[in-house]
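# Chain and residue survey
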Amino acid sequence: DLVVAAFFPQAMTPSGIRQMESLSKGCCALVTGCGKEAFPIRGRLWRRLMDDSLPWTGCHLSCAFNYLMASGRSPNVLHLSWLIDVNMPMDTIIRYYRNYFAIFGIDHQAVDEAIRIEMAEYIPDDRYHSSGKMEVALIWWQPQPHTIRVADSLHFLQTSCWHF
């Protein structure tokens, strides 16, 4: 059986990887971004609504891969990239970002105002238009038997790589 986690940072931690392996009878896989945003709008909205820069997530790939290597697994990595064009109705975009920022306690009015300000250049006809390049990585590996534990000498990985 294959266990997959996609774009879920907690799964890329040592405990998340162990939990995935405990559920797998065959193979585990992680799908993560490579640290680059395909479109600038999420970062612009984040900056306006959170008063901070969008957290950089590129370390998830290297930390997960390095943890797997250091703990005796033999992970495989495949980098994928493709050009993407988005042309979506604004009500879909507004609904998405309202729900996304609600996770962080941001109310709908603030999101609507940020969208009005930050997205004006992308909305010529009440549709969101943007082009970008998606870059993701697929990491997959065969889990170790559940009785094997990571050496205590790898404890530094648990505290040095993952900061959410």
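The following paragraphs examine the structure supplied in this document. Quick caveat: nothing in here was measured; it's all calculated off a predicted structure. (Residues numbered from 1 in each chain as written. Predicted model: local features only at pLDDT ≥ 70, side-chain atom pairs only at ≥ 80, totals over all residues. Heavy atoms only, no water.)

### Overview of the side chain of S71
Note the threshold: Only DSSP runs of H or I covering at least 4 residues are called helices, and only runs of E covering at least 2 are called strands; the numbering of each starts at the N terminus. When accessible area is computed with a 1.4 Å probe and restricted to protein chains, residues below 20% of their type maximum are described as buried, those above 50% as exposed, and intermediate ones as partly exposed. Think of a polar contact as two N or O atoms within 3.5 Å of one another; within protein, one of them needs to be a possible hydrogen donor and the other a possible acceptor, and neighboring residues in sequence only count if both atoms come from side chains.
Positionally, S71 belongs in the loop between α3 (59-70) and β3 (76-89). Residue S71 is classed as buried on the basis of its relative accessible area, which comes to 10%. Here Y67 takes part through its backbone oxygen, which lies 2.8 Å from a polar atom of the side chain of S71. A distance of 3.3 Å separates the side chain of S71 from the backbone oxygen of L68, its partner in a polar contact.

### Structural notes on the nonpolar core
For the record, the criterion: Here the nonpolar core consists of buried residues drawn from Ala, Val, Leu, Ile, Met, Phe, Trp, Tyr and Cys, with membership extended through side-chain atoms lying within 4.5 Å. By definition, residues are in contact when any of their heavy atoms lie within 4.5 Å.
Judged by nonpolar contacts, the single largest core of 19 residues is most densely connected at I41, L45, Y97, F101, M119 and Y128. When neighbours within four sequence positions are excluded, F101 is seen to be in contact with L45, W46, L49, M50, I106 and V111. Within the second largest apolar cluster, 15 residues are counted, among which are A5, I17, L30 and A137.

### Observations regarding helix α2 (residues 41-50)
What counts here: Directions drawn from the helix axis to the C-beta atoms are what define this arc.
Of all the residues in α2, the buried ones are I41, L45, W46 and L49. Angular distribution of buried residues about the axis of α2 spans 130°; they occupy a single face of the element. At its buried positions, α2 is contacted by α4 (90-102), α5 (108-118) and β4 (127-141).

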